[in-house]
Amino acid sequence: MGNNYTIKDIAKRAQVGTTTVSRVLNNHPYVSDEKRQRVLNAMDELNYRQNLGAKWLRSASTGLIGFLTDEVATTPYAVDIIRGAQDAAAENDMVIIVVSVGGDLPEIEEAIEFLLERQVMGIIYAAMYHREVHLPDNITNVPTALANCFSVDASLPSAVPDEETGAYRATKVLLEAGHTRIGFINVIPPSTPAMNGRLRGYQRALSDYGIPFDEQLIGTSDFALHNYNETQRLLNLKNPPTAFFSGTDRTAMATYAALRDAGLRVPEDISVVGFDNQIDVALNLLPNLTTVQLPHYEMGAWAVRKLLSGDNEIIQEKIDCPLVERQSVSVLDSVNIQS
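Some words on the layout of surface pockets
Alright, step 1. One number sums up the size of the second largest pocket: a volume of about 350 Å³.
Alright, step 2. Taken together, 17 residues line the second largest pocket, and the ones lying closest to its centre are Val142, Pro143, Thr144, Asp311 and Asn312.

Focus on helix H10 (residues 249–261)
Alright, step 1. Here H10 is 13 residues long and its end C-alpha atoms lie 19 Å apart, about the 18 Å a rise of 1.5 Å per residue gives.
Alright, step 2. Buried within H10 are the following residues: Asp249, Thr251, Ala252, Ala254, Thr255, Tyr256, Ala257, Ala258 and Leu259.

A short note on the sheet that holds strand S4 (residues 144–151)
Alright, step 1. On the basis of which strands lie adjacent, the open sheet formed by six strands has the order S2-S1-S3-S4-S5-S11 and parallel pairing. Each edge of the open sheet carries a strand with a single partner, namely strand S2 (95–101) and strand S11 (316–319). On average, adjacent strands in this sheet sit at an angle of 25° to one another, irrespective of strand direction.
Alright, step 2. The sheet contact formed by strand S3 (residues 123–133) and S4 spans seven bridges and is parallel. Residue pairing for S4: Ile123 is matched across the bridge by Thr144.

Considering the packing of aromatic side chains
Alright, step 1. Tallying each qualifying case throughout the model produces four aromatic pairs.
Alright, step 2. A ring pair is formed by Phe184 and Phe245, whose centres lie 4.7 Å apart and whose planes are at 10°; its orientation type is stacked. Pair noted here: Phe184 is in strand S6 (residues 182–187) and Phe245 is in strand S8 (residues 243–246), with a separation of 61 residues, a long-range link. Each member of the pair, Phe184 as well as Phe245, is classed as buried.
Alright, step 3. Taken together, Phe184, Tyr202, Phe213, Phe245 and Phe275 form an aromatic cluster joined through their ring pairs.
Alright, step 4. In this arrangement the basic side chain of Arg131 is found over the ring face of Tyr129, its NZ or CZ atom lying 5.8 Å from the centre.

Some details on the sheet that holds strand S9 (residues 271–273)
Alright, step 1. Taken together, four strands build an open sheet; the order of strands is S7-S6-S8-S9 and the sheet is parallel. The open sheet is flanked by strand S7 (218–221) and S9, the only strands paired with a single partner. Averaged over all neighbouring strand pairs, the angle between strand axes comes to 20°, with direction disregarded.
Alright, step 2. In the sheet, S6 pairs with S7 via four bridges, with the strands oriented parallel. In the sheet register, Val187 faces S7, and the bridge partner there is Ser221.
Alright, step 3. Helix H7 (residues 163–176) rests against S6, S8 and S9 of the sheet, and its axis sits at about 170° to S8.

A few points about the nonpolar core
Alright, step 1. By size, the foremost hydrophobic cluster in this structure holds 36 residues, and its most contacted members are Tyr202, Phe244, Phe245 and Val272.
Alright, step 2. Those elements that provide at least two residues to this core are H7, S6, helix H8 (193–208), helix H9 (224–235), S8, H10, S9 and helix H11 (279–282).
Alright, step 3. Here this core takes six residues from H7, the largest share from any one element.
Alright, step 4. Filtering out sequence-adjacent residues up to four positions away, Phe244 remains in contact with Leu174, Gly183, Ile185, Thr231, Leu234, Leu235, Thr255, Leu259, Ile270, Ser271, Val272 and Val273.
Alright, step 5. If you look at the next biggest cluster of nonpolar residues, it comprises 35 residues, including Val31, Leu68, Ile108 and Tyr125.

Topic: the environment of Lys306
Alright, step 1. In this structure, Lys306 sits in helix H12 (residues 296–308).
Alright, step 2. A residue is classified by how much of its surface remains accessible, and Lys306, at 10% relative accessible area, is buried.
Alright, step 3. Sequence-wise, Lys306 and Leu146 are 160 residues apart; in three dimensions their C-alpha atoms are separated by 9.9 Å.

Thresholds applied
- Residues numbered from 1 in each chain as written.
- Predicted model: local features only at pLDDT ≥ 70, side-chain atom pairs only at ≥ 80, totals over all residues.
- Heavy atoms only, no water.
- 1 Å grid on protein atoms, 1.4 Å probe; cavity = no way out; pocket = protein on both sides within 12 Å on 5 of 7 lines; lining within 4 Å.
- Points joined across faces, edges and corners; volume = space filled by probe spheres on them.
- Helix = DSSP H or I, 4+ residues; strand = E, 2+ residues; numbered from the N terminus.
- Expected span 1.5 Å × (residues − 1).
- Buried < 20%, exposed > 50% of the residue type's maximum accessible area, 1.4 Å probe, protein only.
- Pairing = 2+ DSSP bridges.
- Axes fitted to C-alpha atoms, helices over the stretch in contact; angles between N-to-C directions.
- Phe/Tyr/Trp six-rings, centres within 6.5 Å; stacked < 30°, edge-to-face > 60°.
- Lys NZ or Arg CZ within 6 Å of the ring centre and 35° of its normal.
- Contact = heavy atoms within 4.5 Å.
- Core = buried A, V, L, I, M, F, W, Y, C linked by side-chain atoms within 4.5 Å.

This is how it looks when you write it as structure tokens:
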């Protein structure tokens, strides 16, 4: 029956918390000698050393990495974070255990305990979209890295997209094609790192090319119909845009529809650039959409390599977002282009 006991059973027998048991199993330094001995005694009494935990204590390696996902496993484009992590793990003869969780702290804490009981070498927490996360204390019982998110106190290493540089490139390709009136329909919810970073990149590109920022050219959208209406609103301005930078590829679909219904052709009459490089969207829009690549694969791979590097430096890494050029941008004939 010994193999059926869990960390909770040991914690109950030793009269300590499950976090303390996890720390003892992982040889964490922040456990008093008295509590450590109580946990070890409880493990002996329950014959816990015969299971996977004991093997890990002897070998110091299970070859397992825990991967907690915030809806990533069910998101078609963000799932590349998992693929990047799996490939990087395989290169090092490691295996990923994927657990999908919501945003509820007790649920996340329980999932972490599940992974700790399997003696993972480290844990990666990945979010569906670039955001700040609040995580329970027990995640620090093993080395941890974040992908597509960051902790508010920067206490954990993280990899996030370089939103600002990506948006700068998206705006720059339109500016270099001669467009000075560029409508920007940004993503929401407001005050997210993605929204703020993409707006900054748009503004910086305009500034570098000597184009005044015009608040009238900015819209926000959270769904297709709203984006369709925002596109129409911008087209009805006295001095309408000659190009659109859409905050996501999915909102670019609605921009295409609104332009088509207004009798305008992409890119002959209006140029369009997106953000994300969702292949199922970008390659199904005609003409194919020029867009910015979100580095999901690279963030997943970075997180695994960070865990396995042995480097304890707390790095806040920004991963490059390259421009993927296709056929939705054309040179504006009526403007003299400056390179």
